[in-house]
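Chains, contacts and geometry: an overview
The residues making up each chain are set out below.
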Amino acid sequence: MRQRYVVTNGIRLFCVEEGHGPLVLLLHGWPEFWWSWRHQLPVIGAAGYHAVAVDLPGYGRSDKPEVTYDERWLNACIEGLVPALGHRQVVVAGHDWGGLLVWPFARRYPARTAAVIGVNTPDLPRGPVPPVQLMRQLFDPPNSIVQFQARGPAEWFLGSDVRAWLEAVFLGPATHRTEVFDAATVDRYAEQFAPLGAVTPPIEYYRNFDRNWELAADLPERVDCPALMIMAEHDPVLRPALADGMEDRVPKVEKVLVEGSGHWTQQEQPDAVNQAMLRFLGGLGTW
């Protein structure tokens, strides 16, 4: 694998690349980094594509500027990667928070987007009220997203024992195959979030949920490019049922259900994810 920094939208993003050909960008989720796609990079690269996994802005070895980490700014950074990597178009794939970015990316940059792949995260309809406002009404005690809104307490809680926090994440109820996250794997993740201040930018993504809701009002309703939605049978966070009805907004979507997987699908069932992605990519032609 090749590693390098790419400057886009005024910041440096750390990228890991494999292969040559049409561009496939892989966007990770919370609390992860490019490494969550380690099982896909060599397979997609060997199949004749330029596979690039990115540390999202504020994560890992990418820059961590003091900015508003809203969807519009984040996707401007991602869009700038495409020409910086030598391409005109991209298939953009995202899991978890990366998945929350790819659907608006396709709406903001239709000329750049050859296709979209969502892993666990479907295209969701825009609700009638801001999501955090709604969560404050629905959850008592407040859920983690509501608790993340105030600056300071979340950083202290998560940063006081990074490894214990990540063990709770990767070995908790969201994971179906906990054997995937052995001690060495958890250690690898803990290295990314241990430095002072490393937790704050990823939390800022959550602090912009309502901001992203506002920005979505100006986006097109439909995603008209080809799309693949990979769902996980046992994901309690992003349940497969959440993808019901997304055909109304993404008419060219194909759906695949991965059995025997929790929330971390590309790590829990990498072979099934690889097969689904390669089959979909192979049907697109060249972009």
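Everything here concerns the structure above.
In this report, the structure presented in the accompanying data block is examined. (Residues numbered from 1 in each chain as written. Predicted model: local features only at pLDDT ≥ 70, side-chain atom pairs only at ≥ 80, totals over all residues. Heavy atoms only, no water.)

All told, the structure shown has 0 disulfides when counted by the stated rule. For Cys15, which is in no disulfide, the shortest distance to another cysteine sulfur is to Cys77 and amounts to 11 Å. According to the relative accessible area criterion, Cys15 is buried, its value standing at 0%. (Disulfide = S-S within 2.5 Å. Buried < 20%, exposed > 50% of the residue type's maximum accessible area, 1.4 Å probe, protein only.)

Looking now at the environment of Gly48. With respect to the helices and strands, the residue Gly48 is situated in the loop between α1 (41–46) and β4 (50–54). Residue classification places Gly48 among the partly exposed positions, given a relative accessible area of 34%. Between the C-alpha atoms of Gly48 and Arg108, which are 60 residues apart in sequence, the distance is 27 Å. Once residues within four sequence positions are removed from consideration, Gly48 is found in contact with His20, Gly21 and Pro22. (Helix = DSSP H or I, 4+ residues; strand = E, 2+ residues; numbered from the N terminus. Contact = heavy atoms within 4.5 Å.)

On to helix α6 (residues 153–160), then. Along α6, the residues classified as buried are Ala154, Glu155 and Leu158. Each buried residue of α6 lies within a common arc of 95° when the element is viewed along its axis, so the set occupies one face. For α6, the exposed residues lying more than 90 degrees away from the buried face are Trp156 and Phe157. Where α6 is buried, its residues touch α5 (144–147), α7 (162–170) and α9 (200–207). (Arc of directions from axis to C-beta.)

Attention now moves to the packing of aromatic side chains. One pass over the structure, following the stated rule, counts 24 aromatic pairs. Note on Phe33 and Trp35: the rings are 6.1 Å apart at their centroids and 20° apart in plane angle, and the pair reads as stacked. Neither residue differs from the other here; Phe33 and Trp35 are each classed as buried. Summarising the aromatic geometry, the rings of Phe170 and Phe181 are spaced 4.7 Å apart at their centres and angled 15° between planes, so their arrangement reads as stacked. With a gap of 11 residues between them, Phe170 in helix α7 and Phe181 in the loop between α7 and α8 (183–193) connect regions that are remote in the sequence. A single burial state applies to Phe170 and to Phe181, both of which are buried. Over the ring of Tyr5 we find Arg12, and its NZ or CZ is 4.1 Å from the ring centre. (Phe/Tyr/Trp six-rings, centres within 6.5 Å; stacked < 30°, edge-to-face > 60°. Lys NZ or Arg CZ within 6 Å of the ring centre and 35° of its normal.)

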